[in-house]
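Listed below, chain by chain, are the residues.
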Amino acid sequence: MFIQFHKEGAKIILGATIAATVIIFGADYLVTTLPWLKMAIQVLTLFMLIMVLQFFRNPTRVTLINDNHVIAPVDGKVVVIEEVFEPEYYKDKRLMVSIFMSPINVHVTRYAVNGLVKYSKYHPGKYLVAWHPKASEENERTTVVVENRVFGEILYRQIAGALARRIVNYAKEGMQVVQGTDAGFIKFGSRVDLYLPLGTQVNVKLNEKAIGGKTIIAIKQ
């Protein structure tokens with residue numbers, strides 16, 4: 001099966017491939033007296049290249065578009081389902097569902113609902129581990145609000161983690177967006193928080209694995 005890679009990884013993949021090629025062939029040419037060392041260098045280099053490639057993979061996902069569903073914006077594990085106060089946009093209580101992404105997860109961000117982008121803002125910040133309680137307020141992050149005809153305004157927040165050093169966000173205010181399509185990318189580990197209206201019927205449980213563009217996070221009956 002043909003493997004697709006996200007466009008945000010193009011320069012990194014090219015650079016990593018060139019570097020790996022130079023190191024592998026350089027070790028073959030320069031390390032001639034210690035075969036075990038040459039093999040170790042080449043295997044480790046190949047492993048690092050594979051890790052870069054798998055991080056930027058972008059599998060095709062067919063989303064069953066439904067305005068009565070909020071779908072997972074990313075791949076990862078559901079780590080929080082609780083009522084919280086959202087201070088930036090709503091300034092009131094919302095139901096938050098957080099999905100944590102490890103470095104081996106697909107890191108594409110997808111729109112959780114159809115609708116109109118009402119708000120999109122980038123915040124520079126720290127790089128605390130993504131599961132830290134203060135990460136959603138202090139880390140580098142973007143906040144996006146999409147108005148959906150069934151759920152109303154749905155907010156999602158891309159949060160950088162300890163390894164992440166760049167959040168890519170394609171949402172711009174005034175855009176009409178389609179559920180399941182590409183909304184951005186977070187490079188090297190992170191989390192995404194979804195803020196839903198109180199009383200929303202959640203369709204996932206803590207520690208459940210979510211698949212971006214596929215898993216139904218919430219349902220409107």
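Data block above holds the structure.
Given the structure is predicted, the values throughout are model-derived calculations rather than measurements. (Residues numbered from 1 in each chain as written. Predicted model: local features only at pLDDT ≥ 70, side-chain atom pairs only at ≥ 80, totals over all residues. Heavy atoms only, no water.)

Okay, the pattern of salt bridges next. In a structure, side chains of opposite charge can pair up when their charged atoms sit close to one another. All told, the structure shown has nine salt bridges when counted by the stated rule. Between Arg61 and Asp75 there is a salt bridge, with the nearest N and O atoms lying 2.9 Å from each other. You can see Arg61 sitting in the loop between helix H2 (35-55) and strand E1 (69-71) and its partner Asp75 sitting in the loop between E1 and strand E2 (76-86), a full 14 residues away along the chain. Overall, Asp75 belongs to the buried group, its relative accessible area being 9%. Ionic contacts of the salt-bridge type, sharing partners, join the residues Glu86, Glu88 and Arg157 into one network. (Salt bridge = Lys/Arg side-chain N within 4 Å of Asp/Glu carboxyl O. Helix = DSSP H or I, 4+ residues; strand = E, 2+ residues; numbered from the N terminus. Buried < 20%, exposed > 50% of the residue type's maximum accessible area, 1.4 Å probe, protein only.)

Read from one edge to the other, the open sheet built from three strands follows the order E4-E10-E8, with strand pairing classed as antiparallel. At either end of the open sheet lies a strand with only one pairing partner, and these are strand E4 (108-110) and strand E8 (166-169). For this sheet the average axis-to-axis angle between neighbouring strands, irrespective of direction, equals 20°. When E4 meets strand E10 (residues 182-187), the two strands line up antiparallel, connected through three bridges. In the sheet register, Val108 faces E10, and the bridge partner there is Phe185. (Pairing = 2+ DSSP bridges. Axes fitted to C-alpha atoms, helices over the stretch in contact; angles between N-to-C directions.)

This brings us to unusual backbone geometry. Phi angles above zero are rare outside glycine, and Lys91 is one such case at about 60°. Of note, Lys91 is situated in the loop between E2 and strand E3 (92-101). If you check the backbone angles, Asn207 has positive phi at about 70° while not being a glycine. Relative to the assigned elements, Asn207 resides in the loop between strand E12 (201-202) and strand E13 (209-210).

Bringing the sheet that holds strand E14 (residues 216-219) into the picture now. What holds strands together in a sheet is hydrogen bonding between their backbones, with the strands either parallel or antiparallel. Taken together, the three strands give an open sheet; going across it, the order is E1-E14-E12, and neighbouring strands pair in antiparallel fashion. The open sheet terminates on both sides in strands that have one partner only, identified here as E1 and E12. Relative to E14, E1 is paired through three bridges, and the arrangement is antiparallel. Along E14, the bridge assignment pairs His69 with Ile219.

Turning our eyes to something else, we now look at H2. In this model, H2 (21 residues) spans 30 Å end to end at C-alpha, consistent with the 30 Å of a helix rising 1.5 Å per residue. Along H2, the residues that are buried comprise Gln42, Thr45, Leu49, Val52, Gln54 and Phe55. The inward-facing, buried residues of H2 abut helix H1 (10-30) and E10. (Expected span 1.5 Å × (residues − 1). Contact = heavy atoms within 4.5 Å.)

The subject of this paragraph is the packing of H1 against H2. Packed helix pairs are characterised by how far apart their axes lie and by the angle those axes make with each other. At a minimum axis distance of 9 Å, the contact between H1 and H2 shows a crossing angle of 170°. Compared by their axis directions, H1 and H2 come out roughly antiparallel. Seen from H1, the contacting residues are Ile12, Ile13, Ala16, Thr17, Ala20, Ile23, Ile24, Ala27 and Asp28; seen from H2, they are Lys38, Ile41, Gln42, Thr45, Leu49, Val52 and Leu53. By residue class, the composition of the contact of H1 with H2 is 11 nonpolar, three polar and two charged. (Parallel < 35°, antiparallel > 145°, perpendicular 65-115°, else oblique. Nonpolar A, V, L, I, M, F, W, Y, C, P; charged D, E, K, R; others polar.)

Now for the packing of aromatic side chains. As enumerated under the stated definition, the model contains four aromatic pairs in all. With 5.4 Å between their ring centres and 10° between their planes, Phe56 and Phe185 make a pair best called stacked. Here the residue Phe56 occupies a position in the loop between H2 and E1, and Phe185 occupies one in strand E10, the gap between them amounting to 129 residues. Assessed through its relative accessible area of 0%, Phe185 is described here as buried. Seen from their ring centres, Tyr89 and Tyr119 are 5.1 Å apart, and the 50° between their planes marks the pair as tilted. Placement of the pair is Tyr89 in the loop between E2 and E3 and Tyr119 in strand E5 (residues 115-123), with a sequence separation of 30 residues. Aromatic ring contacts, followed pair by pair, group Tyr89, Tyr90 and Tyr119 into a single cluster. (Phe/Tyr/Trp six-rings, centres within 6.5 Å; stacked < 30°, edge-to-face > 60°.)

Attention now moves to the nonpolar core. Of all hydrophobic cores here, the largest spans 30 residues; its most connected members are Val70, Tyr156, Leu194 and Ile217. Among the elements of the structure, E3, strand E6 (141-148), strand E7 (152-160), E10, strand E11 (190-196) and E14 are those that each provide at least two residues to this core. When residues of this core are assigned to their parent elements, the largest contribution, four residues, is made by E3. Beyond its immediate sequence surroundings of up to four residues, Val70 is in contact with Ala112, Val113, Phe151, Gln179, Leu194, Leu196, Thr215, Ile216, Ile217 and Ala218. Membership of the second largest hydrophobic core comes to 11 residues, among which are Ala16, Leu49, Val52 and Phe185. (Core = buried A, V, L, I, M, F, W, Y, C linked by side-chain atoms within 4.5 Å.)

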